Amino acid sequence: MMSYIILGFLCVIPSSCLSILTDGETQNGTLRDESGDSKTDVFRQLLNQETLIRMSLVKNVHSLMKDMVEMKESMSTSNKRLHDAEKEISSLKNEVQLLKTENQKLKEEAVKFQEEFKTTDSRFDEIKGNFTMVSYSRDQYETHVNKKLEDFEKNTSTILNDIKIEVRYLSVTLLDLNKHTMELNMSIPDLIESKLTEYSAYLNRSVGDINQKLLTSKEYQEQLVYNLSALGNDQSSLMKIISDKMNNTITSIKADVEQSQKSQLKLSAAVSSLEVFRMNISLLNNCASKRSVSFTVGVTSSSSTWSGDILVFPHVVTNNGNGYNPSTGKFTAPTDGTYVFFVTVNSYSANTVYLDIVLNGSKKVRTMSHNTANYMTGTNMAVLQLYTGNSVWVSRYSGKSYYSRSVPITTFSGFLL
């Protein structure tokens, strides 16, 4: 608009200037003098220069306006990117919150494991104390046996020393006997014979005594060998007793573990029985009076890469009748009847996603969130006849991703008519 005004102004100025030069009157060309023609040429040149200057100014104004339009478009694009970045930051905050929650759960489980490890450590300390006591008893027994061996060795060495003394005494006696015999050889033969007979008898008695003592020493050695053998048997018995105690302790620990496992199995069976009882009570209540069945669930965080099969909605808003399972994403009909299901999905940014409402594996209706624009919403509704035990869920047909917030945008709902 400004450019049209400037052009009109430029067109008006030359005509007005021309009218001033001619004074609004028509004059004959023959009457113009040369001075008037020269002034007219000067004015025309000035007007032409002014026109050129104004045209350049108009061009500059157009260029500035074009730059302003481009700047506005750039600001609009920047604002859009800023909005997308804010959405992405919000999504990341939700994911961080989920990670913090999961981390807290892991910490609680770690505390439980530490308590269990402390209980196990206390048991191992008890076992270690038992082993210490057994080892101490064994050391005491070995000390006692070693003391007995030392006493036996001392007694044996004393007896051997006594035998050596007696043998030496016997040797001296024999030397004296030989000397006396030589003296008798020089005396009367009868005396020699009587003395020889006497000394022979004495020698025989001495040899018998020596043999008896040697036999007694042999019996003592055999007794010593027997005692050593008995000591070895006692040590083997002690090792066997220690081994048996260790095996009994290990067996006792295994029995305790098996008893604990059996207790856990019994507890699980009791819980299962209670769950079956609860389900039976629920079925009886359903049979007695038809109750309300309805649910609304959603997701509270976004995902730009989700491409799974079943879309699970973990956030439960309403679940009357407990038909929806937030772990599997499936709704199981608690009673026969006509049900209404409604699904809403918002695609993430410029992604495309198609979702189906599925009954027992059969696809019924489909939503479409196309990529013709960012964050497109797809919705659909299905009225289905269900029987007790039939399952309904939301499945991905094609595409990927979904968008949501802490207050769910992508949701799944259903109710019994």
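Residues numbered from 1 in each chain as written. Predicted model: local features only at pLDDT ≥ 70, side-chain atom pairs only at ≥ 80, totals over all residues. Heavy atoms only, no water.

## Quick word on the overall build of the protein
Regarding its fold elements, the protein presents 3 helices and 10 strands. Counting every position in the protein, which comprises 417 residues, the buried fraction comes to 22%. (Helix = DSSP H or I, 4+ residues; strand = E, 2+ residues; numbered from the N terminus. Buried < 20%, exposed > 50% of the residue type's maximum accessible area, 1.4 Å probe, protein only.)

## Some details on the pattern of salt bridges
Counted according to the given criterion, the structure contains 3 salt bridges. Its salt-bridge partner being lysine 363, residue aspartate 356 comes within 3.9 Å of it at the nearest N-O pair. Aspartate 356 gets classed as buried once you look at its relative accessible area, which sits at 1%. On the basis of relative accessible area, lysine 363 is assigned to the partly exposed category, the value being 48%. (Salt bridge = Lys/Arg side-chain N within 4 Å of Asp/Glu carboxyl O.)

## A word on the confidence of the model for the protein
Per-residue pLDDT for the protein averages 78, and the proportion of residues at 70 or more is 67%. Within the model, the stretch residues 9-32 combines pLDDT values under 50 with 12 contacts to residues more than four positions away or in other chains. (pLDDT = per-residue confidence, 0-100. Contact = heavy atoms within 4.5 Å.)

## Looking at the pairing of strand E9 (residues 391-399)
Summarising the sheet, strand E4 (residues 330-332) and E9 pair through 2 bridges and their orientation is antiparallel. Pairing of phenylalanine 331 across the sheet is with valine 392, part of E9. Two elements, strand E6 (residues 353-359) and E9, share 7 bridges in a ladder whose sense is antiparallel. By the bridge assignment, isoleucine 357 is partnered in E9 with valine 394. (Pairing = 2+ DSSP bridges.)

## Examining the packing of aromatic side chains
A complete count under the given rule lists 14 aromatic pairs for this structure. On the basis of an interplanar angle of 35° and a centroid distance of 5.8 Å, the ring pair of phenylalanine 313 and phenylalanine 412 is categorised as tilted. Highlighted residues: phenylalanine 313 in the loop between strand E1 (294-298) and strand E2 (315-320) and phenylalanine 412 in strand E10 (residues 411-416), separated in sequence by 99 residues. For phenylalanine 313, a relative accessible area of 0% gives the class buried. Using a relative accessible area of 0% as the deciding quantity, one classes phenylalanine 412 as buried. By way of ring pairs, the aromatic residues Phe295, Phe313, Tyr324, Phe331, Tyr339, Phe341 and Phe412 are connected into one cluster. The ring of tyrosine 403 carries the charged tip of lysine 87 above its face, separated from the ring centre by 5.8 Å. Lying over the aromatic face of tryptophan 393, lysine 330 brings its terminal NZ or CZ to 4.4 Å of the ring centre. (Phe/Tyr/Trp six-rings, centres within 6.5 Å; stacked < 30°, edge-to-face > 60°. Lys NZ or Arg CZ within 6 Å of the ring centre and 35° of its normal.)

## Points about the environment of methionine 376
As for its position among the elements, methionine 376 is in the loop between strand E7 (362-369) and strand E8 (377-386). For methionine 376, a relative accessible area of 27% translates into the label partly exposed. Each C-alpha atom, one on methionine 376 and one on threonine 352, is 8.3 Å from the other, the two residues being 24 residues apart in sequence. For methionine 376, the residues in contact, after removing those within four places along its chain, are Val345, Asn346, Ser347, Ser369 and His370.

## What about the nonpolar core?
Membership of the largest hydrophobic core comes to 26 residues, with the highest contact counts inside it found for Phe313, Phe331, Tyr339, Phe341, Leu386, Val392 and Phe412. Taken together, the elements giving at least two residues each to this core come down to E1, strand E5 (337-346), E6, E8, E9 and E10. If sequence neighbours within four positions are ignored, phenylalanine 331 has contacts with Val293, Phe295, Gly323, Tyr324, Tyr339, Phe341, Leu386, Asn390, Ser391 and Val392. (Core = buried A, V, L, I, M, F, W, Y, C linked by side-chain atoms within 4.5 Å.)

## A few points about the sheet that holds E9
Pairing within the open sheet is antiparallel, and its 5 strands lie in the order E3-E4-E9-E6-E7. The open sheet terminates on both sides in strands that have one partner only, identified here as strand E3 (324-325) and E7. Judged from the 7 bridges that link them, E6 and E7 form a sheet pairing that is antiparallel. Across the sheet, residue leucine 355 finds its bridge partner in E7, namely threonine 367.

## Comments concerning unusual backbone geometry
Although it is not a glycine, asparagine 322 sits at a positive phi angle of roughly 55°. With respect to the helices, strands and loops of the structure, asparagine 322 is situated in the loop between E2 and E3. Of the residues examined, asparagine 322 reaches a relative accessible area of 60% and is grouped as exposed. With phi around 55°, tyrosine 375 is a residue other than glycine that occupies positive phi space. Considering the arrangement of structural elements, one finds tyrosine 375 in the loop between E7 and E8. A relative accessible area of 14% places tyrosine 375 in the buried class.

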